[in-house]
Amino acid sequence: MSAVVLATDDIYVAQNIGFGIIAAVMIVGALKVVTSKNVVHAALSLVLVLAGAAAQYLLLAAEFVAVTQVLVYVGAVMVLFLFGVMLTRAKLGHEADLNNRNHLLGVPVALVMLGVIVWVLIDGFEDTRLPQGDQASPISIQAVSDSIFKPYLLPFWALSFVLLAAVIGAIVLARKD
Amino acid sequence: MLINNFLLLGAVLFCIGVYGVIARKNAVMVLMSIELILNSVNINLLAFSMLHGNADGNTFALYIIAVAAAEVGVGLAMVLLIYRNRKSIALDELSEMKG
Amino acid sequence: MLAHVNDSAGWFLEHAWLIPVVPVIGFVVIILFGKRMPMKGSEVGIASMVGALVLSIGTAYQWIQRVDAAHGGHDEGSAIARGIAGFGRSLSAAASGEESTYVAPVIKSWTWWQSGGLEFGLGQHIDGLAVMMLILVAFISVLVQIFSLEYVRGDRRYTHFFAALTLFSGGMLTMVLAENMVQLILGWELMGLCSFMLIGHWWEDKANSRAALKAFFTVRVGDVGLLVGTAIVFFGANAFAVDNFGSNGFSIQAINAWAMSGEASHDVLLWGSVALFIACIGKSGQFPLHTWLPDAMAGPTPVSSLLHSSTMVVAGVFLVARVYPVFWEGLSIPGSSVNFIVLIGGITTLIAAFLAFVQNDIKKVLAYSTVSQLGLMMMGLGAGAWIAAVFHIFTHAFFKCCLFLCAGSVAHSGSHHSFDMKKDMGGLRKAMPVTFACWMIATAALTGFPFLAGFWSKDEIIATVGKNGYDVFFYLGFVSAFLTAAYMTRATYLTFFGTPRGAAAGEHHGDEHGEEHEQADDEAHVDALVHAGAHATAGHDAHDAHGHALAHDAHGHDAHDAHDAHDAHGHDDHHGAHHGPHESGKLLLVPICILAFLSIVAGFLQAPAFGESFEKLKLWVEPTTAPIATDDLLVGGFGQSVAVAPRAAAEGEKVCGYVAPSPGQACIFPAVTHPPFSWAKAGVATIIVFAAYAISFALCSLVYGTRRNKLQGLTGRNKLLGAGHRFLVNKYYLDDLYEKVVVRAVAYPISQAAYWINQRVLDGTVDAVGKGGRRTGEWIYRYVDQGAIDGLAVNGSGKAASGTGGALRPLQSGKVNQYGALLFGAAALGALVLVIVNI
C-alpha cells in the first residue's frame, strides 16, 4: 500500500481515512436498518452494512473472508431477505408500525451496553496497534484452510450437519402441504 | 491503525443490532438486526486475528458466516410459516410463550 | 495409642465406586431393553439395586473391620463388660483416648475431565458416613422397588418408572461416595432430574406436572447456592489443597482440612457455608423453600417413600454433614447460641409440624412430618449434634419409608386409591391388621416411643443441642416431639380408628370420584378403554360403554378374566373380587414388615443408655477429632489409590475445631460433643410424647368421632381459631407469595425459558442415552442445563437485584422482543457490575 506516513506517528493515513469513511457508512446504514419505516429500504441499508463489513475485512487483510462475505451475505442472504419481505408482505412501501410500542426500551439497554463495551475497550486496548507494514504477517488462505481442516475439523463437520439440517428444516417448514 | 478502531466499530454495530432486536416488531427486521450483531462479532474476530497473527479468527468468522446463513434460512422459513398461519409477522402478536 | 492397618483396604472398600455404577448400568439396560423383558425391566432395576446393596454390605463389613483393626487392643469383650458394668458413658471416660484413632477414609480419584489446567475428578471417598449412607440408600431402594412391583403394576410407563427409580438411586449413591464437590453436584443434579421425572410420572394430570415443575424449580433456586458455595469454597481451599494434598479445591477431604486449618478466612467460610446451606434449604425442604416437598406427593407412593426417607431430601442434610467443618467454622457453631442453620432448622421443624395438623391427605401428613424431621436434623447439625443428626438420618429412613409404604398399602387395598383420610379411611385396623401393626410400630418409632429407633436418635439430638448451649432450640425440640406425637396420633386415628368412611366402608366411587380420584385409577381406566377398543369383543364393548363404574361389577369382571395380570385391569380384578378394604398382597407387606422390624432395632446401633458397646454408630461413622499429620492425609495424585496407614494422635494433643492444628498437621473433623445419656431427659421426653398421644387421641375421638359435641366445627364458629386454621390450610400463604408475587413479577419469563430448555434437555438426554452414551447425556445436561438455566437464572436475579425490576415488570408478556430486552439488559448490567467490581 502506498504509504503516506505521518511524521510523528507511523500511522497509515490512507487506511485510516478509508476505515473512517467505510465505518461511517456502515453506522449510518445500520441505523437505517433499525429505524427505517420501509422494510425494503431497511434491507437495502443492510446490504450497505454488509458490503462495508466486507471492505473492513479487506482492511484487516482477510481477503478470503471478505470474498465469502460478499458471496454469502450480499449475494445469498440478502436475496433471501428480499424474498422473505416479498412473501410476507403484500405491499412494498411505507409501513407505519414496524416498531414495538415500547421500542424506546431498547435505547437505554443499547446505550448501557455500548457504554460498558466502549469503556472496557478503551481501558483494555488503549493504543494497541494492529501490525502494519513490515511487521504485518497477513494470514494466508493456506493458513486458514490449515486451521479449518486440522484443529477445527470437528466443528467443520458439525457445521456441515447444521447446514444440512437447516436446508432440510427450511424446506420442511416452508413447504405448503 | 489502532485496533480500537475496529473494536469500537464492532461495538457500535452490536449495540445498534441489539436495539433493533428489541425495538422491531416485524420478524424479518429482527432477523436483519441479528445479522448486524453477527457481523459486528466477525469484525472483532478478524481484528484480533490480525493482531495476533493467528488464523483462528478467520476460521471462526467463516464458521459464523455459515451459521448465519443457516440461521437466516430457517428463520425466514419459520417467518413464512407464521405468516401463512396468521397473516401477520408482527412479533408482539405472537405471545404463545406468555404464561 | 498407635494402631496400624495393612495398606490394602480390602476389595470392597477399594471398589466401592462400583456401587453407583451398577444402578446406572441398570438404568441404561432398562431404557434400552426393558420393554422387551418378561417383567418389563423391573427385574433389572431390582437386580441392580440388589447388586448395589451387596457391594454396600461388603463395603460396610470391610469398613467395620478396618475400624476395629484400627482400634487395635480394644476388643469386643471388654467393651461389653464395661457396658454391663454400668449404664452411662461416664465409666468409659478413661477410654476416650480411642476417639482419636484415625481410620483413614479410602479415597480414590480419577481424572474425569480437564479444563484450564484444572482437573475434575471422579472417585470415591469412603468413610463411615459414606458407608452408612450407601447401605441405607441401597437397602431402602431395594425394598421400595419390590414394593413398586405390585404397586404400579400395569402402569402405562412401568418400564420408565423403574428406569427413573434406578437412576435416582444411582444419583444418590454417586453423591454419597463423592470424592469431590463436582461429583457431588453431579449426583445431586442427577437426583433432581430423576425426581422431576418421578414426581411427574403421571404427567397427564396437570396438577402432577405442576408439582414436578415446582419441585424442580424450587430445588434449583437452592442449587444456585450450591454452585456459588462450591465456587467460593473452591477458591478458598484451592491453594491450601494444592500445597498440602496435591489435589484441588474441589476435594472434600481437602476442603474439610482447609476449613479446620485456621488458615481459612472466616469471611470466605461464612459465605461459602451460607451459600451451601441455601442449597440444602432447597433440597431438604427447609423453610422457606419447603413448599415443594408436600406437592411432590403427586408422584406414586413408592417415589414419595424413596424421596422422603433416604434419598433426595436427605441429600441436603448429607451435604452439611459431609463438609461439616466448613459450617462448623463458617457459622461458628461451637460457642454460639444461635446460627443460620439451627435457626432455619428450628423454624422448619415447628412450622411443618403445625402444618401436618391440617392435612387431610395421609401422604401430606407424612410429607410435613418429613419436613419437620429434616428440620430437626438440620437443627442438630447446626447445634453441633453431628453424630445424632446422622443417626437420625439413619433411623428416620426406616420408619418414614415404612410409613409411606403403609400409606401406599392403605390406598392400594383399603381406600381405593384415595389418600384422603377424612373421606375414604377410618376403621381400617380390622381390615388391614398387618399394615396397621407396621404403621403403629413406625409411628411409635417416629414419635419417640421408648426404645424404638426414633427415641434414641431424637433424644440424642435434643440432648446434644441442649448441652451445646442452644437452649431455645433444646425446648423447641421437646415442643417438636410433642407435636410429632400429636399429629401422628391424629393421622393414625383418622386412618385406622373410628368408623369407616367412603371407600374404606366399601363404597363405590363411581362417578363422584372427581378430582381426588387417584391418578393410577384413571390410568387403569384409560388403559381399560384403549384395551377394550382394541379387542372390540362384545364383552369389552359393554365395558367400554359402561365405563369405570362397571369394572367392579361381576359383569365387567368376567370380561376381564381374559387378561393377564400385567394388564391395567389388575387393579380392577382385584377390587372386583373383594369389595371394600382388605389386606394387601405379600409383595407390599414384606417390605413394610422388614422396615417395621428395623424401626424397632435400628436404634440400638447408638443407644448410649446401654453403654459403650451400644455406641457402634459413633465408633464406625464419626471421623477422628484429633489432628493428624498431613503426610498421613496426603491424597496421592489423581488416578492413584491411596491407602493411608492410620496413626493415632498422641495424648493431650490439641482438639480440632477449637484450636488450629499445628504445622504439618491437619484436622478433618471438629471435636463434637457427646452428652452423657440422661434418663431424666429421656423420661421427660417420654412423658411429653405420651401426653401428646393421650391429648391428641382424646381430641380426635371428640372431633372426628360419631357423637355430636361442641368441638366439632369449632374452627367454623370461632373466628380466631378459624383464621389460624385457614392460615395453616393455606400453608402460611408461602405458595401464594412465591407464585403470585415472586414468580409472576420476576421469574416468570425466566422460568418459562428455563422450562423450554428443560424440555429440550430432557429430550436430548433421552436421545443421547438411546444412542448409547450416558456420558454424552451428562455432558449435555451439565452444559446446557447448568449453563443455560443457571446462566439465565443468575442473570435474571442479577437484574432483579439491581433495581430495574420496576421498569421491566410490565414485560412478562410472552413477547420475544421483550425477552430479548431482558436478556441483553441483564447481560449489559451484569457486565457493568463486573467492570465496576474489577476496577
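Thresholds applied
- For every chain, the first residue of the written sequence is number 1, and numbering continues from 1 onward in sequence order.
- Chains and ligands are labelled sequentially in the order written, the chains with letters from A and the ligands with numbers from 1.
- In keeping with the predicted nature of the model, local features appear solely for residues at pLDDT of at least 70, side-chain atom pairs appear and are counted solely at 80 or more, and the whole-chain, interface and lining totals rest on all residues.
- The basis for every side-chain value is the complete set of heavy atoms in the structure, and neither hydrogens nor water enter the calculation.
- Secondary structure elements are taken from DSSP: a helix is a run of H or I of four residues or more, a strand is a run of E of two residues or more, and numbering for both begins at the N terminus.
- Partly exposed describes any residue whose relative accessible area lies between the buried limit of under 20% and the exposed limit of over 50%, with all areas from a 1.4 Å probe on protein chains only and scaled to the type maximum.
- We call two residues contacting when some pair of their heavy atoms lies within 4.5 Å.
- Accessibility throughout is a Shrake-Rupley quantity obtained with a 1.4 Å probe, and a residue counts as covered only by protein chains that appear here.
- Axis angles are defined between N-to-C directions and span 0 to 180 degrees, where every axis is a line fitted to C-alpha atoms and, for a helix, only to the segment in contact.
- The labels follow the angle: roughly parallel below 35 degrees, roughly antiparallel above 145, roughly perpendicular from 65 to 115, and oblique for the rest.
- Should the near helix be turned counterclockwise from the far one by less than a right angle, the crossing is left-handed, whereas a clockwise turn marks it as right-handed.
- Three classes are used: nonpolar for Ala, Val, Leu, Ile, Met, Phe, Trp, Tyr, Cys and Pro, charged for Asp, Glu, Lys and Arg, and polar for all others, with Gly counted as polar.
- Within this document, salt bridges are pairs made up of a side-chain nitrogen of Lys or Arg and a carboxyl oxygen of Asp or Glu, the two lying within 4 Å of each other.
- Patch membership needs two things, relative accessible area over 30% and no salt bridge, and members are linked within 9 Å if like-charged or within 5 Å if nonpolar (Val, Leu, Ile, Met, Phe, Trp, Tyr).
- Note on aromatic contacts: the rings of Phe and Tyr and the six-membered ring of Trp form a pair at centre separations within 6.5 Å, being stacked when their planes are under 30 degrees apart, edge-to-face when over 60 apart, and tilted otherwise.
- UniProt positions are given in the numbering used here, feature names are shortened, and annotations may be inferred rather than shown by experiment.
- For every residue, the predictor states its confidence as a pLDDT score lying anywhere from 0 to 100.
- For any pair of parts, buried area is found by adding up, for both, the accessible area (1.4 Å probe) each one loses once the two are put together.
- Definition of a polar contact: a pair of N or O atoms within 3.5 Å, with one able to donate and the other able to accept a hydrogen when the atoms are protein atoms, and with sequence-neighbouring residues admitted only if both atoms are side-chain atoms.
- Read the arc as the range of directions from the helix axis to the C-beta atoms.

S.K.: Looking at this structure, how should I read the overall build of chain A?
M.R.: Secondary structure assignment for chain A yields 6 helices and 0 strands. The helix and strand sequence of chain A, counted from the amino end, reads α-α-α-α-α-α. The 177 residues of chain A split such that 35% are buried. Here the contacts in chain A between residues at least 6 apart in sequence split such that 59% fall between residues at least 24 apart. For chain A, the accessible area works out to roughly 10000 Å², and carbon and sulfur atoms hold 72% of it.

S.K.: Which parts of the structure should I look at to understand the overall build of chain C?
M.R.: Each helix and strand counted, chain C has 36 helices and 5 strands in total. A buried classification covers 60% of the 839 residues belonging to chain C. For chain C, restricting intrachain contacts to residue pairs at least 6 apart in sequence, the fraction spanning at least 24 positions comes to 79%. Taken as a whole, chain C presents about 29700 Å² of accessible surface, with 66% of it coming from carbon and sulfur.

S.K.: Help me understand the packing of helix 10 (residues 266-283) of chain C against helix 15 (residues 340-357) of chain C in this model?
M.R.: Each pair of packed helices can be described by the angle between their axes along with the distance between the axes. Residues and elements named next belong to chain C. The interhelical angle for the contact between helix 10 and helix 15, taken along N-to-C directions, is 15°, at an axis separation of 11 Å. In terms of orientation, helix 10 and helix 15 fall into the roughly parallel class. Note on packing geometry: the crossing formed by helix 10 with helix 15 is right-handed. Note on element contacts: helix 15 touches helix 10 through Phe340, Ile341 and Ile344, opposite Val274, Phe277 and Ile281. Looking at the contact of helix 10 with helix 15 residue by residue, the class counts come to 6 nonpolar, no polar and no charged.

S.K.: Please clarify how the pattern of salt bridges should be interpreted in this entry.
M.R.: Charged atoms that come close allow side chains of opposite charge to pair. Residue and element names in this part refer to chain C. For the structure shown, the criterion picks out 2 salt bridges over all chains. Note that Asp127 and Arg322 form a salt bridge whose closest N and O atoms lie 2.9 Å from each other. Here the residue Asp127 occupies a position in the loop between strand 2 (118-126) and helix 5 (128-151), and Arg322 occupies one in helix 13 (residues 312-322), the gap between them amounting to 195 residues. You can call Asp127 buried: its relative accessible area is 10%. Owing to a relative accessible area of 4%, Arg322 belongs among the buried residues under this scheme. Between Arg220 and Glu189 there is a salt bridge, and its shortest N-O distance comes to 3.0 Å. One end of the pair, Arg220, is in helix 8 (residues 206-245); the other, Glu189, is in helix 7 (residues 181-199), and 31 residues separate them in sequence. Overall, the relative accessible area of 5% leaves Arg220 in the buried class. On the basis of relative accessible area, Glu189 is assigned to the buried category, the value being 2%.

S.K.: What's the story with a nonpolar patch on the surface in this structure? I'm lost.
M.R.: Taken together, the side chains of Phe161, Leu164, Val167, Ile168, Ile171 and Val172 of chain A define a hydrophobic patch exposed on the protein surface, amounting to about 590 Å² of accessible area. Summarising the element assignment, Val167 of chain A is placed in helix 6 (residues 153-174).

S.K.: Where do I start with the packing of aromatic side chains in this structure?
M.R.: Any pair of aromatic rings gets described here by the distance separating the centres and the angle formed by the planes. Inspection of the entire model under this criterion finds 28 aromatic pairs over all chains. A centroid spacing of 5.5 Å and a plane angle of 20° characterise the contact between Phe147 of chain C and Tyr151 of chain C, whose relative ring orientation is stacked. With Phe147 of chain C and Tyr151 of chain C both in helix 5, this residue pair falls 4 residues apart, about one helical turn. Across this residue pair, the class does not change: Phe147 of chain C and Tyr151 of chain C are buried. Seen from their ring centres, Phe394 of chain C and Phe398 of chain C are 5.2 Å apart, and the 80° between their planes marks the pair as edge-to-face. One end of the pair is Phe394 of chain C and the other is Phe398 of chain C, both in helix 17 (residues 386-414) and 4 residues apart, which spans about a single turn. On the accessibility criterion, Phe394 of chain C (9% relative accessible area) is buried. Given a relative accessible area of 5%, Phe398 of chain C falls into the buried group. Within the aromatic cluster, the residues linked to one another by ring pairs are Phe149, Tyr152 and Phe156 of chain A together with Phe60 and Tyr63 of chain B.

S.K.: Would you mind showing me how to read the UniProt feature "transmembrane region" (unreviewed entry) in chain A here?
M.R.: Residues and elements named next belong to chain A. Here the UniProt-annotated "transmembrane region" (unreviewed entry) positions come out as residues 12-31, 38-59, 71-92, 104-122 and 154-174. Here residues 38-59 runs as 95% helix and 0% strand, with 32 Å between its end C-alpha atoms. Along residues 154-174 the backbone is 100% helical and 0% strand, and the end-to-end C-alpha distance reaches 30 Å.

S.K.: Would you explain the confidence of the model for chain C in this entry?
M.R.: For residues with low pLDDT, the predicted coordinates do not support detailed interpretation. Residue and element names in this part refer to chain C. On average, residues of chain C score 71 in pLDDT, and 67% of them reach the 70 mark or higher. Low pLDDT, under 50, characterises residues 765-770; the predicted model gives this stretch 9 contacts beyond four residues in sequence or across chains. Predicted confidence for residues 796-813 stays below pLDDT 50, and this span has 25 contacts to residues more than four positions away or in other chains. Model confidence for the complex: the whole-complex pTM is 0.65, and ipTM, which rates the interface, is 0.87.

S.K.: What's the story with the interface of chain A and chain B in this structure? I'm lost.
M.R.: The extent of an interface is frequently quoted as the accessible surface area lost upon association of the parts. Residue-level contacts link 82 residues of chain A with 69 residues of chain B. For the pair chain A and chain B, the two sides together bury roughly 7000 Å², of which 76% comes from carbon and sulfur. Summed over the shared surface of chain A and chain B, the number is 12 residue pairs in polar contact (both at pLDDT 80 or more). Of all the secondary structure elements, the ones that give two or more residues to the side of chain A that touches chain B are helix 1 (13-35), helix 2 (39-59), helix 3 (63-88), helix 4 (106-124), helix 5 (141-149) and helix 6 of chain A. Take the side of chain A that touches chain B: its biggest share by element is 13 residues, from helix 3 of chain A. By residue class, the composition of the side of chain A that touches chain B is 56 nonpolar, 17 polar and 9 charged.

S.K.: Would you explain helix 5 of chain A in this entry?
M.R.: The periodicity of an α-helix, 3.6 residues per turn, causes residues three or four positions apart to be oriented the same way. Those residues of helix 5 of chain A not exposed but buried are Val144, Ser147 and Ile148 of chain A. Seen along its axis, helix 5 of chain A keeps its buried residues to an arc of 100°; they face one direction. As for helix 5 of chain A, its buried residues are in contact with helix 6 of chain A together with helix 3 (56-86) of chain B.

S.K.: Help me understand the environment of Ala170 of chain A in this model?
M.R.: By secondary structure assignment, the location of Ala170 of chain A is in helix 6. Residue Ala170 of chain A is classed as buried on the basis of its relative accessible area, which comes to 19%. Apart from the residues within four sequence positions on either side, Ala170 of chain A is in contact with Gly73 and Ala77 of chain B.

S.K.: What am I meant to see in the environment of Lys467 of chain C here?
M.R.: All names here are of chain C. Mapped onto the fold, Lys467 is located in helix 21 (residues 453-467). For Lys467, a relative accessible area of 42% puts it in the partly exposed group. Each C-alpha atom of the pair Lys467 and Pro675 lies 6.5 Å from the other, and the pair is 208 residues apart in sequence. When neighbours within four sequence positions are excluded, Lys467 is seen to be in contact with Thr673, Pro675 and Pro676.

S.K.: Any chance you could explain the packing of helix 6 (residues 158-176) of chain C against helix 12 (residues 301-309) of chain C here in plain terms?
M.R.: All names here are of chain C. It is the contact of helix 6 with helix 12, at a shortest axis distance of 12 Å, that shows an interaxial angle of 5°. By the angle between their axes, helix 6 is roughly parallel relative to helix 12. Packed against helix 6, whose contacting residues are Phe161, Leu165, Phe168 and Ser169, the element helix 12 presents Pro302, Val303, Leu306 and Leu307 at the interface.

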